[in-house]
Amino acid sequence: MSKDTEHFIKEIEIKNYKLFKDFKAEGFGRVNLIGGKNNVGKTAFMEACYLSQSESTEDLFSKLMEIETHRDLINLILNKQKRENFLKTIIKSYAGLNIDNVIQLYLDKDNKIFIHTFENEYEIDIDRDGSTQSYHIPKEFYFDDILKRLNFELDNIDIMFSKNFISLYSNSNDEIEKIIGDSKLHRKYNKLNGYLKKLFNLDEIDTINNIPMITTNDEWRKLSEFGQGLKSFINIVGSILLLENNIIFIDEIENGIHYTNFDKLWEIILTISKEQNVQVFATTHSKECIESYARVAKKLEDEEISFIELGRNKKDELDSIVMNSEMFQRFIKLGNEVRGW
């Protein structure tokens, strides 16, 4: 029985977001790996996909604040920037943003900040034959209204993370504790420990006295005593297990994972993303990670994948090649480089 993939992102249009001025891409699969040269815009592309899933004005700005948390966590902690000022900075820095013609941020002639959103769609009878055309009716919100709708306490900024967007900076003890607790609540705890055993040969993870702990050979040790790769694995796998019928975005998926474990990692991600009906977008700098992705997808006969290669065309504009499973496997078999052009 085929699962509903209506919530999956099939295509994206990005205008005026960081490096992307007028960009379109389509043909995404259930699992999508994004490659390309350094600083070509892999993370920005994934961020735009994440923002395109905003369900309201409040949700959009929560996602923008989360992205800035991942991008600039150290300075946010050191500066203790007030959330109101932080939000103003975000809106100004994203002025002109247009993703999928759904979310548009602008500065007016008086440098006041406002946002167009298209929250309602109306069908209007335009011809005598009874045919209709759908129109999105824009709504505008000025900054003060946005703050009211966000309903935040404007004292100090909270560090904002979610299970949907994962980076190196979201592997804190607090986030790992949430994964452990939620996995118990949703009966995913044994599966999480089973995957830990498969990849790292560890017996169990749990929270003891508010500290994430790992046991192996009947000995409990603090999670902080292990490498960054273990935290990344718990965060990624735990989030996919918990995000049924959802979308997850993972920045630099290979971070902290030894290349000899790439095949096991991809086997777990491809397997549980299919079971949970979760769409995955992930970036990588690693040739070995890309080759492992292709190898494991072929082994599992998983054709619901894509590889998105970002680069600049002859006009020096950001462009992409989206390869489906067949094209990607053929490309890898021919020994072609897949790190941008």
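Coordinates for the structure precede this section.
## Quick word on the overall build of the protein
And then number 1: From N to C terminus, the protein includes eleven helices and 15 strands.
And then number 2: Scored against the burial criterion, the 341 residues of the protein give a buried share of 49%.
And then number 3: Sequence separation of at least 24 residues holds for 65% of the intrachain contacts in the protein that already meet a minimum separation of 6.
And then number 4: As displayed, the protein offers around 17,700 Å² of accessible surface, 44% of which is attributable to carbon and sulfur atoms.

## With respect to the pattern of salt bridges
Two side chains carrying opposite charge are able to pair once their charged atoms lie near each other.
And then number 1: This structure, assessed with the given rule, holds 15 salt bridges.
And then number 2: One salt bridge connects Asp182 with Lys163, and the closest N-O pair in it is separated by 2.6 Å. Note that Asp182 is positioned in helix α6 (residues 173-185) and Lys163 in the loop between α5 (143-150) and β8 (165-166), a separation of 19 residues in sequence.
And then number 3: On the basis of relative accessible area, Asp182 is assigned to the partly exposed category, the value being 22%.

## A word on the sheet that holds strand β11 (residues 219-222)
And then number 1: The strand order across the open sheet built from three strands is β9-β10-β11, with neighbouring strands paired in antiparallel fashion. Of all strands in the sheet, those bounded by a partner on one side alone are β9 (204-208) and β11. Going across the sheet, the axis of each strand differs from the next one's by a mean of 35°, ignoring polarity.
And then number 2: Sheet strands in contact with α6 are β9 and β10 (211-216), and its direction is about 110° off that of β9.
And then number 3: Those strands touched by helix α7 (residues 189-200) are β9 and β10, and its axis lies near 125° from that of β9.

## A short note on the side chain of Gln276
And then number 1: With respect to the secondary-structure elements, Gln276 resides in helix α9 (residues 262-276).
And then number 2: In this structure Gln276 comes out as buried when scored by relative accessible area, which is 5%.
And then number 3: Within the structure, Gln276 has its side chain in polar contact with the backbone oxygen of Leu241 (distance 2.9 Å).

## Concerning the environment of Ile269
And then number 1: With respect to the element layout, Ile269 can be found in helix α9.
And then number 2: Along the chain, Ile269 and Val280 lie eleven residues apart, while their C-alpha atoms are 8.7 Å from each other.

## Re the sheet that holds strand β14 (residues 305-312)
And then number 1: Strand order in this open sheet of six strands is β8-β12-β13-β3-β14-β15, and the pairing throughout is mixed. Pairing within the sheet leaves two strands with one partner each, and these edge strands are β8 and β15 (318-324).
And then number 2: Both strand β3 (residues 31-36) and β14 contribute to a ladder of six bridges, which runs parallel. Following the sheet pairing, Ile34 is matched in β14 by Ile308.
And then number 3: The sheet strands contacting helix α10 (residues 287-300) are β3 and β14, and the helix crosses β3 at an angle near 150°.

Rules of the game
- Residues numbered from 1 in each chain as written.
- Predicted model: local features only at pLDDT ≥ 70, side-chain atom pairs only at ≥ 80, totals over all residues.
- Heavy atoms only, no water.
- Helix = DSSP H or I, 4+ residues; strand = E, 2+ residues; numbered from the N terminus.
- Buried < 20%, exposed > 50% of the residue type's maximum accessible area, 1.4 Å probe, protein only.
- Contact = heavy atoms within 4.5 Å.
- Areas by Shrake-Rupley, 256 points an atom, 1.4 Å probe, with all protein chains shown as cover.
- Salt bridge = Lys/Arg side-chain N within 4 Å of Asp/Glu carboxyl O.
- Pairing = 2+ DSSP bridges.
- Axes fitted to C-alpha atoms, helices over the stretch in contact; angles between N-to-C directions.
- Polar contact = N/O pair within 3.5 Å; in protein donor to acceptor, adjacent residues only side chain to side chain.

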